[in-house]
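As a plain string of letters, each chain reads:
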Amino acid sequence: MLSKTHEYALRAVACLAGQPGKPASADFLAERTKVPRRYLTRVLQDLAASGIVSSKSGPKGGYELIAEGGELTILDIVNAIAPLERINACPLGLKSHTSLCPLHAELDRVYADTEAAFSRVTIKQLLESTSTIIPLCDIKA
């Protein structure tokens, strides 16, 4: 349901939220998130265009979240990259389908449920989870 670009954006935002107030270079983010650097810079540009991150060049520059991780939801990040496509009309273009058929109505309901679920989870909640597995970090033995 989510693209690789969505996944990469979520990784980058989670990484930035884990170090508030500290700019991160594209190289650092690429290494930490395991995202190819060239791809990541495009993702970061999309996040900057959406007002989620800011970028500053120079030796003390890098990328930072504009909003606090507690304010940003998974849905905010998904929508910054490409919103989930809801089904508003028959995808087949059938004129007799003046409303959604049972198949497409159910698919759209799932998309609506997914949006609702994503809107309830903040990036901060992910980072503060009680899970022993920390996002983007390998467990040290």
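Located above this text is the structure these notes cover.
The model shown is predicted, which means the values in this text are computed figures rather than measured ones.

Enquirer: Can you tell me about the packing of aromatic side chains, naming the residues and giving the values?
Expert: Enumeration according to the criterion identifies 1 aromatic pair in this entry. Judged by centre distance (4.9 Å) and plane angle (80 degrees), the ring pair of Y8 and Y39 falls under edge-to-face. Of the two residues, Y8 sits in helix α1 (residues 4–17) while Y39 sits in helix α3 (residues 37–49), which places them 31 residues apart along the sequence. Take Y8: its relative accessible area is 8%, and that puts it in the buried class. We note R42 situated over the ring of Y39; from NZ or CZ to the ring centre the distance is 5.6 Å.

Enquirer: Got a sec to walk through the packing of α3 against helix α4 (residues 74–81)? Specific residues and values, please.
Expert: In the contact formed by α3 and α4, the axes pass within 9 Å of each other and the chain directions differ by 105 degrees. By the criterion of interaxial angle, the relationship of α3 to α4 is roughly perpendicular. In contact with V43, D46 and L47 of α3, α4 contributes I77, A80 and I81. Here the residues of the contact of α3 with α4 are counted per class, giving 5 nonpolar, no polar and 1 charged.

Parameters and conventions
Residues numbered from 1 in each chain as written. Predicted model: local features only at pLDDT ≥ 70, side-chain atom pairs only at ≥ 80, totals over all residues. Heavy atoms only, no water. Phe/Tyr/Trp six-rings, centres within 6.5 Å; stacked < 30°, edge-to-face > 60°. Helix = DSSP H or I, 4+ residues; strand = E, 2+ residues; numbered from the N terminus. Buried < 20%, exposed > 50% of the residue type's maximum accessible area, 1.4 Å probe, protein only. Lys NZ or Arg CZ within 6 Å of the ring centre and 35° of its normal. Axes fitted to C-alpha atoms, helices over the stretch in contact; angles between N-to-C directions. Parallel < 35°, antiparallel > 145°, perpendicular 65-115°, else oblique. Contact = heavy atoms within 4.5 Å. Nonpolar A, V, L, I, M, F, W, Y, C, P; charged D, E, K, R; others polar.

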